Amino acid sequence: MLTIFKLYGTGVLHDRNLGQVHFKDSKGNLLKTIEANEGDDLLSIAHEHDIDLEGACEGSVACSTCHVILTPEHYDLLPEPEDDENDMLDMAFGLTDTSRLGCQVQLTRELDGMVATLPSATRNMFVDGKKPTHH
């Protein structure tokens, strides 16, 4: 485990541990293991490291394309999803009991070693259900 030290305005040295996130494909094959900072969300981490997690709405909780499936032990460490996240998850392809939107999963030290599995497909209602406008 790596540790970063930051000096805040108080003059006190604080550490910000880096935790690991393991991204897997829908068949359980490891795509990449990434060192991430506490407070980062899974969607941002995936985009930063070229993991194919779409995020069509750019984290505004208006789609389900950043849907990930977590292990039960890590899912149980997270706060309950808000209503808007649950509404979007209802439209997610391959929804499971441990599904979350990657944009809503913020890393904490307790989540070090988290496994996030990408579903085999996504359902993009943000684009697919959008009515074209005339100019």
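Residues numbered from 1 in each chain as written. Predicted model: local features only at pLDDT ≥ 70, side-chain atom pairs only at ≥ 80, totals over all residues. Heavy atoms only, no water.

Per an unreviewed UniProt entry, the chain is named Mitochondrial matrix iron-sulfur protein, and its organism is Steccherinum ochraceum. Under the Sequence similarities (unreviewed entry) heading, UniProt states for the chain: "Belongs to the adrenodoxin/putidaredoxin family." Taken verbatim from the UniProt record of the chain, the Cofactor (unreviewed entry) comment is "[2Fe-2S] cluster". (UniProt positions renumbered as here; feature names shortened; annotations may be inferred.)

### Re the pairing of strand 6 (residues 114-117)
The two faces of strand 6 match: Met114 and Ala116 on one face and Val115 and Thr117 on the other face are all buried. Here two bridges tie strand 4 (residues 67-70) to strand 6, and the two strands are oriented antiparallel to one another. Along strand 6, the bridge assignment pairs Leu70 with Ala116. (Buried < 20%, exposed > 50% of the residue type's maximum accessible area, 1.4 Å probe, protein only. Helix = DSSP H or I, 4+ residues; strand = E, 2+ residues; numbered from the N terminus. Pairing = 2+ DSSP bridges.)

### Comments concerning the pattern of salt bridges
Taken as a whole, this structure holds two salt bridges when the rule is applied. A salt bridge links Glu85 to Arg100; the nearest nitrogen and oxygen atoms lie 2.8 Å apart. Taken together, the residues span a long stretch of sequence, with Glu85 in helix 3 (residues 83-89) and Arg100 in strand 5 (residues 99-101) at a distance of 15 residues. On the accessibility criterion, Glu85 (2% relative accessible area) is buried. The class of Arg100 is buried, set by a relative accessible area of 4%. (Salt bridge = Lys/Arg side-chain N within 4 Å of Asp/Glu carboxyl O.)

### What to know about the nonpolar core
Of all hydrophobic cores here, the largest spans 26 residues; its most connected members are Phe23, Leu42, Leu70 and Leu107. At the level of secondary structure, the elements contributing two or more residues to this core comprise strand 2 (13-24), strand 3 (30-37), helix 1 (42-48), strand 4, helix 3 and strand 6. If you tally residues by element for this core, the top one is helix 1, at four residues. Apart from residues lying up to four places away in sequence, Leu107 is in contact with Val21, Ala36, Asn37, Glu38, Gly39, Asp40, Leu42, Ile45 and Met114. (Core = buried A, V, L, I, M, F, W, Y, C linked by side-chain atoms within 4.5 Å. Contact = heavy atoms within 4.5 Å.)

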